[in-house]
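A look at the structure
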Amino acid sequence: MSRFFVTTPIFYVNAKPHLGHAFTTILADSVSRFHALMGEETYFLTGTDEHGDKIVKASEAAGQSPKEYADQISALFRGLAPILGAKPNQFIRTTDPDHIKTVQKVLQKVYEAGDIYFGEYGGHYCFGCERFYTEKELVDGMCPDHKTKPEYIAEKNYFFRMSKYQGWLIEHINEHPEFIRPARYRNEVLSLLESGALEDLCISRPKSRLTWGIELPFDSDFVCYVWFDALLNYISALNYPRGERFKKFWPAANHIVAKDILKPHAVFWPTMLKAAGLQPYQSLNVHGYWLVRDTKMSKSLGNVVEPKRMVDTYGASAFRYFLLREMAFGSDASFTEEALVGRLNADLANDLGNLFNRALAMTHKYFEGKVPSPDKEFQEDAELKHLGLEAMQGFQANFGEFRTARALESLWELVRALNKYIDQTAPWTLFKNKQMARLGTVLYVVLEHMRKVAVHLWPVMPEASEKMLVQLGMPFEQEKIALPKEPEVWGVLESGVAVAQTSNLFPRVELPEPTPPAPKEATAPEAKKNKTDKPLPKEAPAPVCPAESIEFTDFQKLDLRVGTVLSAEKHPDADKLLVVQVSLGEEKPRQIVAGLADRFSPEELVGKQVVVVANLAPRKLRGFLSQGMVLVAKDAEVTRLLTAAGPVDDGGKVA
Ligand code: MSP
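Residues numbered from 1 in each chain as written. Predicted model: local features only at pLDDT ≥ 70, side-chain atom pairs only at ≥ 80, totals over all residues. Heavy atoms only, no water.

Description of the overall build of the chain
To keep it simple, the criterion reads: Per the convention used, a helix needs a DSSP run of H or I reaching at least four residues, while a strand needs a run of E reaching at least two, with both numbered from the N terminus. Counting rule for charge: Lys and Arg are taken as positive, Asp and Glu as negative, and neither His nor the chain ends is counted. For the purpose of locating charges, the reference atoms are NZ of Lys, CZ of Arg, CG of Asp and CD of Glu.
Check the secondary structure of the chain and you find 21 helices and 26 strands. Where the 78 positive side-chain charges of the chain centre and where its 84 negative ones centre are 1 Å apart.

Okay, structure coming up:
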């Protein structure tokens, strides 16, 4: 059986989890689920990196011991995965006793092999990065990452003979195109390796300077450099050297990191493995950075995006969809809540949600809520199937290479084609003309494709995908799904099975109102000014009258009437508009151009009684005359037509 081992970086416990950590975790979870559906045995590892200067400094600032502090922040990272709907198989901590033993075992092995030696070194040390920089690497004498001046430190330390493996590494990268992906990072590493001699790596810190680390097994005056310690988590988690898990999964190791930690993973790690007599990982997959708008996320700028808030507001499925759809693999992406809301409304509410709502409603209206039996296949059905096949194959090929944005783009070609197929085959007309056999085929083609879409979406939105499948009467059973065959299989959905009445999985979302800045607490001197000594009111009382009230005579100007929708169709060139004909009991029906296409399909409107503003001045909207306005009621989640509680003659007045 083919296997897939995926890892996230283990996160530093010096700050709370943010969007960047959440993204890597979601990406790892989604590719792990994808490979599981492809029939592979998977193992997904994440965890925390807890030793080193950085953590000591953060714990001191919090007034805690490093261990207490690490326990607390590590728990936040452990709790992040379930919030995101991610299911790692293991959460490792570098303070775990088993990990410590493995690090010492590897250090001893490499030391005995002669690849660790004792020497003196003077270099520019950046405490933020916890590493020495060469003159060449500094930018204007500053750390390229922290933009601070590193400290010159000269001390005796242990060194790993990394330079010895430079030639081997260049060759390995050249011979294995998938070793570092995407190609831009592979090229970056190759040019770094080819531009000059690789230096040896300082892998110890004297205890006189740092005690919070793993003691070197061959010299108790030193602790291990945090990167040498941390990278080994990837094999200590698998119970290296004798663990069954190690044998099974190490050959299938796929690391995921962002571009910030390319060098340790692409240069330190493979050379460490080589020196320890181990085969290199299979593939290093490097994604870009999430910026907030176009600025780096940072605590000092106050623009850190909290994943939990996003999940609480939009749901884990929607948040995951946005991140995986928006970031092109390897490139930076910009996060804004506006972009998130826009994407959710366009792709989920409009395209996918609308497809589910329409198809389920029609199955109920025309076939008593049961999946119909298909009849003869028409040319248009075969064409749609072909498009679907290519869309799903495109999804799979891209997802397998971590290109989730392209994968979803490909799948959405099918989602959009399904909506178009419904518009073109016009089930409501088939029903009117009593062409029930054809109508059954059309709906079956749509529902079976919806099932395929839902199955493909499981890695991206596990929760929503499972709900979609329940709505289609086919609850998710992982062992029954063979994703590689899905593009081609046909007829899995059983005729006669009951489907849900409505979907409502992806309601339209709105940007939350910006929270007003918290009113300042009264400071002590101000409090003294308050003669009554009562606490100062925090806010001005809300005005009793809404600011813009109207007179009754203003209201009387409105001519609101009840009318029946006789027909409705999509505007040919405006996605959001429907052109509806409404009978108001007048000689001729009124034509109204309504911005309702993203919430209602034409067939949902036909036959309904609606409330219309009948005396709105006529105007042309995208080339069509509009003589009125259809009213709706809406909240944050749903939009409903405004109608009378019972039948009213067309033209009846709302008063
Ligand atoms: N502890 C090291 C990794 C050791 S792995 C053996 C470390 N930790 S970290 O907490 O700083 O996490 C860095 C990782 O978090 C990045 O590689 C990336 O996976 C994720 N991200 C942190 N900020 C990010 C963005 N702004 N955007 C995308 N991901 C980023 O480095």
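A closer look at helix α6 (residues 183-194)
Put simply, the test is: Expected span, for any helix, means 1.5 Å times one less than how many residues it has. Three exposure classes are used, based on accessible area relative to the maximum for each residue type with a 1.4 Å probe and protein chains only: buried under 20%, partly exposed in between, and exposed over 50%. Working note: the arc is built from the helix axis to C-beta atom directions. Note on contacts: a residue pair is in contact if any heavy atoms of the two residues lie within 4.5 Å.
Here α6 spans 16 Å end to end across twelve residues, near enough to the 16 Å set by a 1.5 Å rise per residue. Listed as buried for α6 are Tyr185, Arg186, Val189, Leu190 and Leu193. Buried residues of α6, seen end-on, are gathered within an arc of 140° and therefore sit on one face of the element. For α6, the secondary structure elements touched by its buried residues are α5 (166-175), β8 (180-181), α10 (262-275) and β14 (283-287).

Some details on the confidence of the model for the chain
Under the convention used in this document: pLDDT expresses how confident the predictor is about each individual residue, on a scale running from 0 to 100.
This prediction gives the chain a mean pLDDT of 91; 94% of its residues lie at or above 70. Low confidence marks residues 519-548, where pLDDT is under 50. Its contacts with residues over four positions away, or in another chain, come to six contacts.

Considering the sheet that holds strand β11 (residues 215-216)
Rule in force here: The criterion for strand pairing is that DSSP finds at least two bridges linking the strands in question.
Strand order across the open sheet formed by three strands is β10-β12-β11, with antiparallel pairing between neighbours. The open sheet has two edge strands with one neighbour each: β10 (204-206) and β11.

Observations concerning the environment of Leu483
If you trace the backbone, Leu483 turns up in the loop between α18 (462-471) and α19 (524-529). Residue Leu483 is classed as buried on the basis of its relative accessible area, which comes to 0%. Spatially, the C-alpha atoms of Leu483 and Ser59 are 47 Å apart, while their sequence positions differ by 424 residues. Setting aside anything within four residues of it in sequence, one finds Leu483 in contact with Phe34, Leu37, Met38, Gln396, Val455 and His456.

Details of the pattern of salt bridges
Keep this limit in mind: Salt bridge, as used here: a side-chain nitrogen of Lys or Arg that lies within 4 Å of a carboxyl oxygen of Asp or Glu.
On inspection of all chains with the given rule, the structure shows 40 salt bridges. Between Arg209 and Glu155 there is a salt bridge whose closest N-O contact spans 2.6 Å. A residue pair is termed long-range when its members are at least 10 positions apart, and Arg209 in the loop between β10 and β11 and Glu155 in strand β7 (residues 151-160) qualify at 54 residues. The salt bridge involving Lys480 is made with Glu477; its shortest N-O contact spans 3.2 Å.

Regarding the sheet that holds strand β16 (residues 295-296)
Note the threshold: What counts as an axis is a line fitted to C-alpha atoms, over the stretch in contact for a helix, and the angles between N-to-C directions run from 0 to 180 degrees.
Read from one edge of the open sheet, three strands run β16-β15-β17, paired in mixed fashion. Sheet topology places β16 and β17 (333-335) at the edges, where each strand pairs with a single neighbour. In terms of strand pairing, strand β15 (residues 290-292) meets β17 through three bridges, oriented parallel. Of the residues in β17, the one forming a bridge with Val292 is Phe335. Helix α12 (residues 316-326) contacts β15 and β17 of the sheet and is inclined by roughly 150° relative to β17.

Looking at helix α2 (residues 53-62)
Along α2, the positions that sit buried rather than exposed are Asp53, Lys54, Ile55, Val56, Ala58 and Ser59. Each element contacted by the buried residues of α2 is listed here: β2 (11-12), β3 (41-49), α3 (66-83) and β5 (116-126). Downstream of α2 by a residue or two, Gly63 has a phi angle that is positive, lying close to 70°.

Re the site of the ligand
Here is the rule: It suffices for a single heavy atom of a residue to lie within 4 Å of a molecule or strand for the residue to be listed as near it. Within 3.5 Å is the distance limit for a polar contact, defined as a pair of N or O atoms, with the added protein rule that one can donate a hydrogen and the other accept it, and that residues adjacent in sequence qualify only through two side-chain atoms. Here the accessible surface of atoms and residues is derived via Shrake-Rupley with a 1.4 Å probe, and residues count as covered only by protein chains that are part of the display. Polar here means any residue outside two lists: the nonpolar Ala, Val, Leu, Ile, Met, Phe, Trp, Tyr, Cys and Pro, and the charged Asp, Glu, Lys and Arg; Gly therefore counts as polar.
Around the ligand, a shell composed of 23 residues is seen, among which Ile10, Thr24, Asp49, Asp260 and Trp290 lie nearest. Measuring from an oxygen atom of the ligand, one finds a backbone N or O atom of Ala258 at 3.0 Å. Here the ligand loses 94% of its free accessible area of 670 Å² to cover by the protein chains. Among the residues forming the shell around the ligand, the class breakdown is 13 nonpolar, eight polar and two charged.

So, the pairing of β7
Taken together, the ten bridges between β5 and β7 define a ladder with antiparallel strand orientation. Residue pairing across strands places His124 opposite Tyr152, the latter belonging to β7. Where β7 and strand β9 (residues 201-202) come together, two bridges link them in antiparallel fashion. Bridging from a neighbouring strand, Phe160 pairs with Leu201 of β9.

Remarks on the pairing of strand β20 (residues 590-594)
On a regular strand, each side chain points to the face opposite its neighbour's, so the side chains alternate between the two faces of the sheet. Most of β20 sits out of view: four of its five residues are buried. Taken together, strand β19 (residues 578-583) and the strand that follows it, β20, pair antiparallel across an intervening segment of six residues, in which Gly585 is found at a positive phi of about 75°.

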